[in-house]
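A structural walkthrough
The residues making up each chain are set out below.
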Amino acid sequence: MVTKAKPRKKNERNDGPYKKLRADLKAGTAGGVYIFHGEETYLRQDSVAKLRALLVPEGCEEFNYHPLEGKGLQVQALVEMAEAMPMMAENTLITVTDCDIFKLPADQRDRLTEFLNDVPPYCCLVFIYDTIPYKPNGSMRKLTAAIKKYVEVVEFLDSEDGPLLNWIRLHFQDMGKDIRRSEAQYLIFTCGRLMAGLLPEIEKIGAYAKGDFITQEDIDAVASPILEAELFKMIDAVAGRNWDQAARLLGNLLALKTEPVQILYNLGMQLRQLWYARIALDRGWSSDKLASVCGMHPYRAKLTMQAARRADPLWCREAVRQCQILDRRMKSERGADGNAELKLLLARLGVGR
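Summary of the structure given here. (Residues numbered from 1 in each chain as written. Predicted model: local features only at pLDDT ≥ 70, side-chain atom pairs only at ≥ 80, totals over all residues. Heavy atoms only, no water.)

Right, let's talk about the state of the cysteines for a bit. A complete count under the given rule lists 0 disulfides for this structure. In this model Cys 124 remains outside any disulfide bridge; the closest cysteine sulfur is found in Cys 123, 7.0 Å from its own. Judged by its relative accessible area of 2%, Cys 124 is buried. Free cysteine: Cys 316, not disulfide-bonded; nearest cysteine sulfur from Cys 323 at 11 Å. (Disulfide = S-S within 2.5 Å. Buried < 20%, exposed > 50% of the residue type's maximum accessible area, 1.4 Å probe, protein only.)

Rendered as structure tokens:
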């Protein structure tokens, strides 16, 4: 199954609150009020589990751990639950999942603001944004001020390379396998950077692999690639004049009911990157410079430079133009057959190649 991964935005990264949370959990000092959000669900769920293990003794969960759903939440009921003294323990833990606190009715929002200014010291409250995005509204000044003063807002981002590569290796070692850095990077490229998505792939690959070390062939045999990885392979096949493989990869994506517009968007984006890489080669740039200038991951930049060595600059420019033309047509013409248009585009790219 092909899934879509969101592009990483290093310039927007702010993992200071997450590092502080980790340090507090390790020191046993975590508590208070939190807002947990971000796309890395594995780390978020792990942090909730560690908070629960730290604050709620085993056997006391029924009295002191209260998981609530945000839909239909009444703030007064939440306040009463938070103010109830813990039983046979020192703390209570309350989690509220998918409550957009900035969209609460005005009276509920005012009550929450008042409560945030006086949360009992024995209560740990966590607002978890799971299926809804966390979007602060600065126009709600009192609530915003209370959050800034009393709430730790923790965004769970995809892990940076070093910790993520170590995490992958440790999970394979738990299965009696090992993986080299190059293969771990290839796994990330193929399946994305999110731990929640990587974990089931690691389990499949570890169960499939026969040798002591995980190989690229093991990954290709059983892993479910993200859309961007499949399209990169398709473009690489076109650059290498391997039309059969390119057509097969496109056919696989269409068979999985991937939306043609989604395929075209990612295809155009990757063809632009290939064109940039071709220009970078002609200017004598390294892959690291390409990564820095274009905001690409270094491993991705390296692979793109390798593919660009086999591509003609004029073909790259024309390929991007053809994607733009098709994008406008698919968005403006009703009843257009997206699958057929993509197959025709691939044929045009082959002829131009």
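Next comes the rest of the description.
This part covers the pattern of salt bridges. A pair can form between side chains of opposite charge whenever their charged atoms are brought close. Applying the stated rule across the entire model yields 14 salt bridges. The salt bridge partner of Glu 201 is Lys 204, with a shortest N-O separation of 3.1 Å. One end of the pair is Glu 201 and the other is Lys 204, both in helix H9 (residues 195-208) and 3 residues apart, which spans about a single turn. Judged by its relative accessible area of 8%, Glu 201 falls in the buried class. The shortest N-O distance in the salt bridge between Lys 233 and Glu 230 comes to 3.9 Å. Remark: Glu 230 and Lys 233 occur in helix H11 (residues 227-239); sequence separation between them is 3 residues, near one turn of the helix. For Glu 230, a relative accessible area of 9% puts it in the buried group. When salt bridges with common partners are traced through the structure, they connect Lys 20, Asp 24 and Glu 152 into a single cluster. (Salt bridge = Lys/Arg side-chain N within 4 Å of Asp/Glu carboxyl O. Helix = DSSP H or I, 4+ residues; strand = E, 2+ residues; numbered from the N terminus.)

Turning to the packing of aromatic side chains, a few remarks are in order. For the structure on display, the rule yields 9 aromatic pairs. A ring pair is formed by Tyr 18 and Phe 156, whose centres lie 5.5 Å apart and whose planes are at 65°; its orientation type is edge-to-face. With Tyr 18 in helix H1 (residues 16-27) and Phe 156 in the loop between strand S5 (151-155) and helix H7 (161-174), the pair connects residues that are 138 residues apart, well separated along the chain. Judged on exposure class, the residue Tyr 18 and its partner Phe 156 are both buried. Through pairs of rings, three or more aromatic residues link up here, namely Tyr 18, Tyr 34, Phe 36 and Phe 156. The ring of Phe 213 carries Arg 180 above its face, with NZ or CZ at 4.1 Å from the centroid. (Phe/Tyr/Trp six-rings, centres within 6.5 Å; stacked < 30°, edge-to-face > 60°. Lys NZ or Arg CZ within 6 Å of the ring centre and 35° of its normal.)

Among the 6 residues in strand S4 (residues 123-128), 6 count as buried, and that is most of the element. Every second residue of S4 is oriented toward a common face, with Cys 123, Leu 125 and Phe 127 on one face and Cys 124, Val 126 and Ile 128 on the other, all of them buried. Of the strand pairs in this sheet, strand S3 (residues 92-97) and S4 are connected by 6 bridges, and their pairing is parallel. Looking across to S4, one finds that Val 96 is bridged to Phe 127. Each parallel crossover has a hand, and for S3 linked through helix H5 (residues 106-116) to S4 it is right-handed. (Pairing = 2+ DSSP bridges. Right-handed = clockwise from strand over helix to strand, strands pointing away.)

Another point: the side chain of Thr 304. Counting through the fold element by element, Thr 304 comes out in helix H15 (residues 298-308). For Thr 304, the contacting residues outside a window of four places in its chain are Phe 232, Gln 273, Leu 274, Ala 277 and Met 296. (Contact = heavy atoms within 4.5 Å.)

Angle between the axes and distance between the axes are the two parameters that describe a pair of packed helices. Helix H2 (residues 41-55) packs onto H1 with a crossing angle of 30° between their chain directions and a minimal axis gap of 11 Å. When the axis of H1 is compared with that of H2, the two are roughly parallel. Handedness of the crossing formed by H1 with H2: left-handed. Residue-level contacts link Tyr 18, Leu 21 and Leu 25 of H1 to Leu 43, Ser 47, Lys 50, Leu 51 and Leu 54 of H2. Among the residues making up the contact of H1 with H2, the classes are represented as 6 nonpolar, 1 polar and 1 charged. (Axes fitted to C-alpha atoms, helices over the stretch in contact; angles between N-to-C directions. Parallel < 35°, antiparallel > 145°, perpendicular 65-115°, else oblique. Left-handed = near helix turned anticlockwise from the far one by under 90°. Nonpolar A, V, L, I, M, F, W, Y, C, P; charged D, E, K, R; others polar.)

Counting residues in hydrophobic clusters, the biggest one holds 81 residues, and the most contacted among them are Ile 168 and Leu 271. For Ile 168, the contacting residues outside a window of four places in its chain are Ile 179, Ala 184, Leu 187, Ile 188, Leu 198 and Ile 202. Ranked by size, the runner-up nonpolar core spans 29 residues in total, among them Leu 68, Phe 115, Phe 127 and Val 151. (Core = buried A, V, L, I, M, F, W, Y, C linked by side-chain atoms within 4.5 Å.)

Moving on to the side chain of Thr 113. Structurally, the position occupied by Thr 113 is in helix H5. The class for Thr 113 is buried, based on a relative accessible area of 10%. Within the local environment of Thr 113, its side chain forms a polar contact with the backbone oxygen of Arg 109, the two atoms lying 2.9 Å apart. (Polar contact = N/O pair within 3.5 Å; in protein donor to acceptor, adjacent residues only side chain to side chain.)

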